[in-house]
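# Coordinate inspection notes
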Amino acid sequence: MLCKRIIPCLDCDLAVPMGRVVKGIEFKQIRYAGVPWELARRYYEEGADEIVFLDITASHERRETMVHVIERTSEMVFVPLTVGGGIRGVEDARKVFNAGADKVAINTAALLDPDLINELARHFGSQACVVAIDAKRRIVGSPQEGEGKVVVDTPEGPCWFECSIYGGREFTGVDAVQWASEVEGRGAGEILLTSVDRDGTTEGYDLPLTKVISERVDIPVIASGGCGFPEHIHEVFKETQASAALAASIFHYGKYTIGEVKEYLRKRGVPVRL
Amino acid sequence: MEGKVAIIDYGVGNLKSVYNAFRYLGSEPVLVNSPKELEGDYIVVPGVGAFGKGMEKLAAFQEVIREKVSEGIPLLGVCLGLHVMFEGSDESPGIRGLGIIKGRVLKIPTELKLPHIGWNYLKVKRQCPLFDGIRGGHVYFVHSYHVSPEEDVVVATTDYGAEVVAAVWRENVFGTQFHPEKSGSLGLKVLHNFLRVKDAL
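Residues numbered from 1 in each chain as written. Chains lettered and ligands numbered in written order. Predicted model: local features only at pLDDT ≥ 70, side-chain atom pairs only at ≥ 80, totals over all residues. Heavy atoms only, no water.

### Examining the sheet that holds strand S7 (residues 116-124) of chain B
Residues and elements named next belong to chain B. Here nine strands make up an open sheet; going across it, the order is S2-S1-S3-S4-S12-S11-S10-S7-S8 and the pairing mixed. Edge positions in the open sheet fall to strand S2 (28-32) and strand S8 (136-143), since each of these has one partner strand only. With strand direction ignored, the average angle separating the axes of adjacent strands in the sheet is 25°. In the sheet, strand S4 (residues 75-78) pairs with strand S12 (residues 173-176) via four bridges, with the strands oriented parallel. Bridge pairing in S12 places Leu76 opposite Phe174. (Pairing = 2+ DSSP bridges. Helix = DSSP H or I, 4+ residues; strand = E, 2+ residues; numbered from the N terminus. Axes fitted to C-alpha atoms, helices over the stretch in contact; angles between N-to-C directions.)

### Brief notes about unusual backbone geometry
In this structure, the amide linkage connecting Leu114 of chain B to the following residue, Pro115 of chain B, adopts the cis form with an omega of 0°. For Pro115 of chain B, the position within the fold is in the loop between strand S6 (103-107) and S7. Unusually for a residue other than glycine, Tyr166 of chain A sits at a positive phi of about 50°. Position of Tyr166 of chain A relative to the elements: it lies in the loop between strand S8 (159-165) and strand S9 (170-175).

### Overview of the interface of chain B and chain A
Each side of the interface is counted separately: chain B has 26 residues, and chain A has 36 residues. Interface of chain B and chain A: buried area, both sides summed, is about 2200 Å²; carbon and sulfur atoms make up 54% of it. Inspection of the region where chain B meets chain A yields one salt bridge. Residues Lys182 of chain B and Asp102 of chain A are paired through a salt bridge, measuring 2.7 Å at the closest nitrogen-oxygen approach. In this assembly, chain B and chain A are joined by 11 residue pairs in polar contact (both at pLDDT 80 or more). Of all the elements, S7 of chain B adds the most residues to the side of chain B that touches chain A, at six residues. Here the side of chain B that touches chain A is built from residues that sort into 10 nonpolar, 10 polar and six charged. (Contact = heavy atoms within 4.5 Å. Buried area = accessible area lost by both parts, 1.4 Å probe. Salt bridge = Lys/Arg side-chain N within 4 Å of Asp/Glu carboxyl O. Polar contact = N/O pair within 3.5 Å; in protein donor to acceptor, adjacent residues only side chain to side chain. Nonpolar A, V, L, I, M, F, W, Y, C, P; charged D, E, K, R; others polar.)

Written out as structure tokens, the structure reads:
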């Protein structure tokens, strides 16, 4: 039986020479967590099933720093590596693949130019093309507000989910549920689904969001944003069709090791790799 | 660990990880992109992607690979590198494979989502030098097709709503459907064993 994957995420600030891992709160405040490849190696040893590197500086002159981070990491970490943030086209992707990455995750570039998804899938295969969706709840006060959108019932009331770009700083008006189906059709191999509302809060994943999208698409969905405790990961696997759970701060500051989280899940009947 | 590992670079997928894994194990990997330069104690055919495109790019290497196999050089095919050893694939009908092993590549007959992506349990079915000291464990898969040999070569399988072939072996020819270079310490152990198969053959 296929295991549920546990994926630590390294948010990388590449504005310093070797890069550093940071963690923001609701995409804003920043705390320093360590050297990217050292953390990656530690997580690999603890049993990470995959590692995601997100470039949160995402400006062009720092692209070489990410290449360096991936080169160093891939020399000593032997699980799949995904790079997100700042991938604008096929050439950017090729550089990180040549450095040792297995997948790229694109969000802003995909929303600005959806054909990029088809192009990446054609060049490198769907398995290498992850589309990241950063979704924010929009409460629907009246039926008109929900027109043309996929409206989902949540304990906080009916809402739809809006795609954001540029790390949660801008909004597009695009419905995240509809967008998820579109990216699947264009050849995305996986969806990395982050709740902008929950990210950095440690309140748990956005379950209604993860549920609606993971049930609609056939490709794997990685739940992200809000994980603060092992219970949250258990909950997202129990309540939704998510194939993987991504988390950052729960691992960064030594609260829990990946091994402890996996043991917790195994005891509750979730298939994990130990 | 002694030994030159020639990794065939035919322009499909991430060779860097295969290279890094062999280096990590102390061998001397080299990426070879010309058939004339194919020299090594071991040969690895990596690759991800579609069968047809893979064969097209591998065309120049066909003869030299067969030659090396008949000389007894250990050969390891990974994922697409395993598929191309067969006679053909439903993924790209009409395109001929290397035909080193009899049989075809078929779509996985499963009701579950395809591609089969992630960590699945490797069941070692019979003794094989590649799995020396390994009884089972989780390894990383990314594929929609798997091999269907007409020879008795299957040494490991995994379960994905159907029995999926995870590894094959015949004499000096080895192939894994999973990616040992992405399968953590268990995968490294498989590659380590590959570098010792000469003792076992």
